[in-house]
Structures are given as structure tokens and as C-alpha cells.
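A closer look at the structure
Okay, here's what each chain looks like letter by letter:
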Amino acid sequence: MKKKILSLIACAALAAGTLSGCGFNTEAGSYLSQEADANTLNVMIWDSDLSETTVQEFESQFNCKVNVTYLEDTNEMLQKLIAGGADYDVLDVESDYVKAFKDADLLAPLDYGVITNTDKLDPTFFTPGKGAIGDETFEYSIPLAGPFFTCVVYNKNTCPGEIDTLADLAKPEFKGEICSVKDSVSVYIGALIALGYPLDSTDDGQLQECQEMWQDIFPNVKSFVSSSAVSQLETGECSVAYCWDFNTICADSEKYWSEFDVAPNTGMGYTQDWCIAKTSRRQELANEFINFTMSPEQQANLINDFGGITTVKKELIEDKLPDNYYDNPCVTRYTEMWKNHQEFAVTDEQNDKMDDLYNELMSQ
Amino acid sequence: MNNEVRENHFTSRGWRTASYIYLAVMLVLLYAPVIVMIRYSFNDSRTNVVWQGFTTKYYAKLFHDPALWEIFFVTLFIAVCVTLLGTVVGTLGAVGLSRTRFPGRRIIEDFIYFPLVIPEIVLGIALLLLFNFNGIRLGIPTIIIGDTTLVLPYVFVTVKARLAGMDPSVEEASIDLGADRMYTFFHITMPAIMPGVISGAFMSFSLVLDELILTSFLADAATVTLPMKIYSMIKRGVTPEINALTTIIFVAITVAVVVYLVVSEMKDRKRLREEERRGEAAE
């Protein structure tokens with residue numbers, strides 16, 4: 001009898017403990033009601049956009065802790081911020097998404113009183129008035145490094161034909177030679193570039209023309225990849241790829257510098273930009289962090305670790321980079337392509353239409 | 001006569017050769033990816049797609065990469081906590097539900113299997129909403145709770161299977177001879193079901209070590225696990241540093257399993273020797 005009573009009391013205590021945790025808290029971002037640790041900075045980035053050395057040196061210099069979270073998808077970041085449960089300070093946002101983040105009121109203005117290293121940046125990559133669509137004056141975003149391009153990358157030795165625009169991939173000689181990224185934005189923005197239409201087009205007729213172009217290319221595509229075409233190119237499985245991997249391939253080995261090239265007229269250019277979350281409670285530290293990464297030393301750490309294009313002026317950084325850095329075809333090609341690139345901004349309406357078309361394309 | 005003919009047929013050289021070939025093919029299918037992973041941990045290439053030459057630099061880089069080790073130890077910590085919690089709760093649940101009869105017992109047992117059939121993404125969203133509604137901060141504790149929910153059915157099933165094969169009269173005899181339930185549980189039941197408990201624990205550990213979906217939903221800004229880190233690297237290439245780390249993990253787990261098997265074998269042999277000695281003494 002005694003044991004039964006004790007068991008019942010224990011069960012009641014457990015149930016009470018469970019129920020006491022229940023309750024509504026309709027305040028958006030209920031996690032943020034907790035006291036933020038002033039010396040902890042939460043950074044959300046894509047892999048290979050931040051050197052570990054930079055993190056360690058920043059932590060040491062500013063006596064703080066930097067937590068780095070890695071992204072797999074920009075929409076994931078968007079949803080986490082909109083849901084309000086995230087406690088992120090510094091964000092790594094693709095330039096074509098800056099407008100979407102800004103319109104959703106997710107970003108805080110940068111403090112250029114703290115971010116003073118902008119005077120070290122090459123005007124090719126940082127000219128007020130020429131920023132991302134929706135933030136042309138760099139009020140909310142600043143490139144963390146040089147540009148990326150989603151474009152046609154081909155093996156100079158095995159590519160079966162000339163490639164001037166994306167539409168050339170439909171030629172019969174490319175059958176079974178092509179690998180393409182699966183991303184609907186990349187696919188259809190690339191097609192809009194090839195057809196000479198505005199990159200923010202939501203015109204059904206123009207998008208249908210893009211679809212028809214891809215329907216002509218589709219039989220030549222050996223595989224669609226969700227993330228990287230490096231494997232297909234380096235193993236020789238495909239001689240042509242519509243992808244964002246030229247930087248990665250050139251950073252992998254110097255022997256690929258003479259083996260691979262890009263078709264410049266097929267390029268969809270963008271940068272990865274530092275932004276600060278509006279809900280950040282450590283905005284001063286976040287601005288210091290962004291400024292820190294803009295220095296020649298930290299840009300050199302990033303380039304030496306992961307390759308890519310630096311935004312810092314050549315004369316300030318070349319002694320910190322490998323001697324042959326400026327011989328890298330990715331550096332020379334991308335820098336040239338960036339001068340003539342078109343900015344674009346992803347919108348929900350365009351995204352939805354592209355997703356529908358993409359699903360239709362994949363179902364054939 | 002027919003049985004004898006059949007037995008001779010299946011023990012013939014042809015069948016034995018076929019079974020060895022089959023075994024070899026299965027082992028290759030199982031371990032070839034592991035061997036490739038180990039080999040490519042020595043690849044002198046950042047993208048690690050094509051063999052570019054032998055190097056140990058990524059092992060050196062690994063040992064000077066505190067961030068990656070921190071990620072690994074966070075993952076290990078979560079795996080150990082979930083294994084302990086899941087094993088205890090699952091074992092107690094299996095024993096309790098097998099040995100008692102009360103209204104609704106069958107329904108409760110069926111509900112335990114839900115995390116097995118529900119897609120992880122659904123479970124992740126449900127748990128995220130639950131924690132959000134209750135104002136519970138995301139982080140390692142919520143990951144542990146979520147992963148424990150996931151592994152509980154596995155432990156439950158393996159322990160329950162072991163209990164089903166156990167003769168309940170042994171427990172009854174223990175109680176009849178004056179032992180209380182606690183003593184019977186620890187000295188009679190647990191040793192009998194221990195293999196099931198251990199295999200449930202191993203299964204939980206390996207499940208949690210590579211758990212991605214649930215963890216992605218329940219992690220906060222400060223928490224990154226190894227699967228999250230590796231998945232984020234896919235876009236730009238998984239470096240040989242990750243191969244190096246996973247090679248070290250594989251070797252460590254292999255050593256642990258081998259040690260466990262050797263110790264078990266030694267214990268079994270010791271037990272057999274003692275039984276033989278007792279038998280001889282009785283004679």
C-alpha cells in the first residue's frame with residue numbers, strides 16, 4: 001500500500017513538472033528574452049567563407065567567443081530568422097538575396113564608423129552605388145570576398161564544341177557531356193542571360209522561352225547535381241558543367257589551371273555578403289568582426305585556406321598571398337567578368353515561377 | 001536417408017566455395033567504401049575527388065584544428081548522453097511493459113513505435129514547435145531530448161525481443177526464494193537481457209553519431225555537430241581532413257568492438273572452464 005502511494009506521488013510530481021513547462025509565449029523570438037552573452041558572437045556562414053585562423057585571432061583580440069554555424073541553404077537562413085527563434089549576429093548572405101532579407105526587415109544597418117577597412121578594398125568590388133540590388137549603397141551588406149559565378153566550365157582538352165552562350169549546350173555534339181546544377185534560380189537566370197532578357201523577368205513568355213531552351217539542352221545533360229560538379233569535371237565524366245565550381249577546381253590544383261576554362265558570356269555573378277541580423281544584441285561586436293575580416297591579413301588567411309578572389313587592393317595584399325596567385329585563371333577571369341556582370345535579386349514571384357518550370361523540366 | 005543426401009549436397013565443396021565467394025562479395029560491399037575513405041584521407045587534394053598524391057598534411061591539419069575537434073566532441077557528448085538516456089528509458093520501458101498488465105498497455109506499446117515510422121523531418125518540426133510553444137531554448141538539451149525520442153523504439157524493440165526469449169519462471173523462482181523485485185531485476189533479469197541492452201545501446205550510439213535532420217531543427221546558433229559540418233561542406237567539397245577524422249573514429253570504434261569481443265570471449269571461456277571443473281568435481 002505504501003509503495004503504491006509513493007508511486008502515485010512520484011507520477012503526480014513528474015506530471016506536474018511536465019505541465020509546468022507548458023504555456024504560451026507569443027512573443028516573437030522568445031529565446032531572445034534571455035540575457036544575451038555580450039562576449040559571444042554567433043555567425044552563420046557558408047562553408048569555406050571564413051578562415052578558422054580569422055576566428056581564433058578575432059577571439060583573441062576582442063576577448064570573445066565566436067560560434068560558427070554552417071549553412072546548407074539560404075532559404076534555411078531566411079526561415080530561421082523569420083521564425084524568430086534564432087540568435088544570430090553576423091550573416092553570410094548571397095547578394096541576390098540581400099533585397100529579400102532587407103524587405104523582410106531582417107537586417108540592421110552596418111556601422112561604417114567601425115567598418116573602416118573599406119578604404120583597403122578594390123573599387124572593382126566595392127563602389128557605393130553599385131552594390132546588390134536593393135542595397136546599392138552597401139548600407140546593409142558588404143562583400144566578404146570577391147565574386148562567384150555560376151557559369152559554363154569546360155575542359156579545354158575534351159570539350160567537343162565552341163561555347164559562346166548557354167544555348168550552345170543544346171548542340172548535338174554535347175550529348176552526354178554536360179553536368180548541370182539543380183538550382184532553379186541558377187538554371188533560369190542563366191537562360192535569361194543567354195536570351196538577353198532582364199534578369200528580374202517574371203514575364204511568362206520570356207520564362208517559357210527559357211524553358212524551351214533548357215528543354216533543348218536537357219537531352220545532352222548527363223547528370224544534374226544538387227551541390228557540386230567538381231567530381232564530374234575532375235574525373236572526366238563530363239567535359240562541360242554549368243556550375244559554380246571553377247573557383248574550387250582552380251583552388252584544388254594548379255594543374256587544372258591549364259585544363260579548365262569558363263565561357264564568360266554564360267556567367268551569373270554574385271558575391272557573398274556580410275550582413276548583421278536586426279535582432280542581434282551584439283551589433284557593435286558584429287561590426288568589429290566584419291571590419292576585422294576586411295583587413296588584408298584576414299583576407300589573405302581566407303584566400304590561402306580556401307582560394308577565391310580577394311576584394312582587397314592588390315598592392316596591400318599580394319605579399320601575403322602565394323607568388324602565383326594572380327596567375328590563377330579564376331582570379332583573372334572572374335575579375336574581368338565582374339566588370340560586365342548584371343546584378344539580380346531573387347523575388348518570391350520569380351522564384352515560384354522558376355520552381356514550377358523546373359519541376360516541369362525535371363519531370364520530362 | 002533423404003536428409004543425409006540433402007546434408008551432403010549442401011556441405012559439398014561447390015556449395016562451400018559459393019558461400020565463401022558470397023561472403024567475400026558481401027564483405028567487399030560493406031567495407032570497400034571504408035577503405036576508400038581511409039585511402040583518400042591521405043589524398044593531396046582539397047576537393048578530394050581525384051587521387052593527386054600521398055600526403056599526411058590533412059592529419060596534421062586535423063590535429064591543429066580545434067574547431068573541428070570541438071564539433072566532434074559536441075557530437076560525441078550528445079551521442080553518449082542520448083545512448084545512456086535512451087538505453088535506460090528503453091530498457092525500463094521494455095521490462096515494465098513486458099512484465100505488467102494494465103488497461104492501455106498495448107496502445108502504449110504501439111505508440112512507442114511511432115518515431116520509427118514518422119519521417120524525421122516531421123518529428124523535427126513537431127519538436128521544434130513543441131519547444132517554441134513552451135519557450136524552451138534550443139541547444140544541446142533539446143537535441144538530446146529529440147534524439148532520445150528517435151532511438152527509444154530501437155532500444156525498446158531489441159530489449160523486448162530479448163525478454164520474449166527469457167523464461168519468466170526464473171524471475172518467479174527468484175521472488176519465491178525471497179528476493180525482492182529490485183534484486184531480481186539487477187541480478188536475474190538484467191544479466192539475461194544484457195546482450196539486447198548492449199546491442200540497443202550500440203545501435204542508438206551509431207544512429208545519433210550521424211543524425212542530421214533532427215539536429216538541424218533543434219540546434220541553436222552555438223551548436224554544430226559533425227554531420228551538420230560535413231553536410232555544409234558538400235557545396236564546396238569535403239576535404240580530406242574530414243576523411244582523416246572519420247578514419248580515426250572508425251579505428252577507435254573498431255578497437256573498442258574488438259576489445260569487447262575479446263573480453264567477452266575470455267569471460268565465456270572462463271565460465272565454460274569453471275562449469276567443466278564443477279562437473280568433474282560433482283562426478
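Keep in mind the model is a prediction, meaning the values are calculated, not measured.

Further remarks concern the overall build of chain A. Check the secondary structure of chain A and you find 13 helices and 11 strands. The buried share among the 364 residues of chain A stands at 55%. The long-range fraction of contacts in chain A, counting pairs at least 24 apart against all pairs at least 6 apart in sequence, stands at 75%. Accessible surface for chain A amounts to roughly 15,500 Å². Of this, 49% is attributable to carbon and sulfur atoms.

Turning our attention to the overall build of chain B. For chain B, the count of helices and strands is 13 helices and 0 strands. Ordering the α and β elements of chain B from the N terminus gives α-α-α-α-α-α-α-α-α-α-α-α-α. Relative to the 2.2 N^0.38 estimate, which gives 19 Å for 283 residues, the radius of gyration of chain B is 24 Å and therefore markedly larger than a compact globule would have. Each principal axis of the C-alpha atoms in chain B carries an extent, and together these give about 70 × 60 × 40 Å. Counting all 283 residues of chain B, 36% fall into the buried class. Surface accessibility of chain B: about 16,700 Å² in total, with carbon and sulfur atoms responsible for 69%. With 25 positive and 25 negative side-chain charges, chain B shows a separation of 6 Å between the mean positions of the two kinds.

Bringing the interface of chain A and chain B into the picture now. Opposite the 43 residues of chain A that make contact, chain B presents 31 residues. The junction of chain A with chain B conceals about 3,200 Å² of combined surface from both sides, 49% of it contributed by carbon and sulfur atoms. Where chain A packs against chain B, one counts 3 salt bridges. As a salt-bridge pair, K229 of chain B and D47 of chain A come within 3.0 Å of each other at their nearest N and O atoms.

With 150 residues, the main nonpolar core has L91, F101, W214 and W274 of chain A as its most contacted residues. The element best represented in this core is helix α4 (residues 66-99) of chain B, accounting for 8 residues. Residues in contact with F101 of chain A, not counting those within four places in the same chain, are T74, M77, L78, L81, L91, V93, L106 and L107 of chain A. Ranked by size, the runner-up nonpolar core spans 12 residues in total, among them A94, V155, F156 and F185 of chain B.

The next point concerns helix α6 (residues 204-217) of chain A. All names here are of chain A. Taking 1.5 Å per residue as the helical rise, α6 with its 14 residues ought to reach 20 Å, and the 20 Å between its terminal C-alpha atoms agrees with that figure. Every buried residue belonging to α6 is among Q206, L207, C210, Q211, M213, W214 and I217, and all of these are buried. Relative to the axis of α6, the buried residues are bounded by an arc of 160° and lie together on one face. Its side-chain oxygen 3.0 Å from the backbone nitrogen of G205, D203 forms the N-cap of α6.

A word on the sheet that holds strand β7 (residues 178-181) of chain A. Residues and elements named next belong to chain A. With respect to topology, 5 strands assemble into an open sheet ordered β8-β7-β9-β6-β10, the strand pairing being mixed. A strand with exactly one partner marks an edge of an open sheet, and here the two such strands are β8 (221-225) and β10 (260-270). The sheet shows a mean angle of 15° between the axes of neighbouring strands, direction not considered. Two strands pair when backbone bridges link them, and β7 and β8 are joined in this way by 4 bridges, in the parallel orientation. Looking across to β8, one finds that C179 is bridged to S223. Sheet contacts for helix α5 (residues 184-195): β6 (148-155), β7, β9 (240-243) and β10; angle to β10, the most-contacted strand, approximately 100°. Seen against the sheet, helix α12 (residues 329-339) touches β6 and β10 and runs at an angle of roughly 40° to β10.

Our next topic: the side chain of N155 of chain A. Residue and element names in this part refer to chain A. Relative to the assigned elements, N155 resides in strand β6. With a relative accessible area of 7%, N155 lands in the buried category. Within the structure, N155 has its side chain in polar contact with the backbone nitrogen of N157 (distance 2.8 Å). If near-sequence neighbours (up to four positions away) are discounted, N155 is found in contact with S239, E259 and F260.

Residue and element names in this part refer to chain A. In this structure the tally under the stated criterion is 23 salt bridges over all chains. D204 is the salt-bridge partner of K353, the closest N and O atoms lying 2.9 Å from each other. Remark: D204 occurs in helix α6 and K353 occurs in helix α13 (residues 348-362); sequence separation between them is 149 residues. The partly exposed category is assigned to K353, whose relative accessible area is 23%.

For the rest of this paragraph, the subject is the pairing of β6 of chain A. Residues and elements named next belong to chain A. Of all 8 residues that make up β6, 8 are buried, and the element is covered over most of its length. The sheet contact formed by β6 and β9 spans 4 bridges and is antiparallel. Bridge pairing links Y154 to V240 in β9.

This brings us to the packing of aromatic side chains. Counting across every chain of the model gives 25 aromatic pairs over all chains. Seen in terms of ring centroids, F58 of chain A and F289 of chain A are 5.1 Å apart; in terms of plane orientation they differ by 90°. Their pairing is edge-to-face. Taken together, the residues span a long stretch of sequence, with F58 of chain A in helix α2 (residues 52-62) and F289 of chain A in helix α9 (residues 283-293) at a distance of 231 residues. For the pair F58 of chain A and F289 of chain A, one class covers both residues: buried. Cluster of aromatic residues (ring-pair linked, three or more members): F58, F62, W274, F289 and F292 of chain A. In this structure, K314 of chain A packs its charged tip against the face of Y326 of chain A, placed 4.6 Å from the ring centre. Stacked on the ring of W51 of chain B, the Lys or Arg R39 of chain B has its end atom at 4.3 Å from the ring centre.

A few words on a nonpolar patch on the surface. Residues and elements named next belong to chain B. On the surface, I107, F111, F114, L116, V117 and V157 cluster together to form a nonpolar patch covering roughly 560 Å² of accessible area. At the level of secondary structure, the elements contributing two or more residues to the nonpolar patch comprise α5 (105-112) and α6 (114-117). Ranked by residue count, the leading element in the nonpolar patch is α6, at 3 residues. As for its position among the elements, V117 is in helix α6.

Quick notes on the rules
Residues numbered from 1 in each chain as written. Chains lettered and ligands numbered in written order. Predicted model: local features only at pLDDT ≥ 70, side-chain atom pairs only at ≥ 80, totals over all residues. Heavy atoms only, no water. Helix = DSSP H or I, 4+ residues; strand = E, 2+ residues; numbered from the N terminus. Buried < 20%, exposed > 50% of the residue type's maximum accessible area, 1.4 Å probe, protein only. Contact = heavy atoms within 4.5 Å. Areas by Shrake-Rupley, 256 points an atom, 1.4 Å probe, with all protein chains shown as cover. Rg over C-alpha atoms; globule rule 2.2 N^0.38 Å. Lys, Arg positive; Asp, Glu negative; His and termini not counted. Charge placed at Lys NZ, Arg CZ, Asp CG, Glu CD. Buried area = accessible area lost by both parts, 1.4 Å probe. Salt bridge = Lys/Arg side-chain N within 4 Å of Asp/Glu carboxyl O. Core = buried A, V, L, I, M, F, W, Y, C linked by side-chain atoms within 4.5 Å. Expected span 1.5 Å × (residues − 1). Arc of directions from axis to C-beta. Polar contact = N/O pair within 3.5 Å; in protein donor to acceptor, adjacent residues only side chain to side chain. Pairing = 2+ DSSP bridges. Axes fitted to C-alpha atoms, helices over the stretch in contact; angles between N-to-C directions. Phe/Tyr/Trp six-rings, centres within 6.5 Å; stacked < 30°, edge-to-face > 60°. Lys NZ or Arg CZ within 6 Å of the ring centre and 35° of its normal. Patch = residues over 30% accessible without salt bridge, like charges linked within 9 Å, V, L, I, M, F, W, Y side chains within 5 Å.

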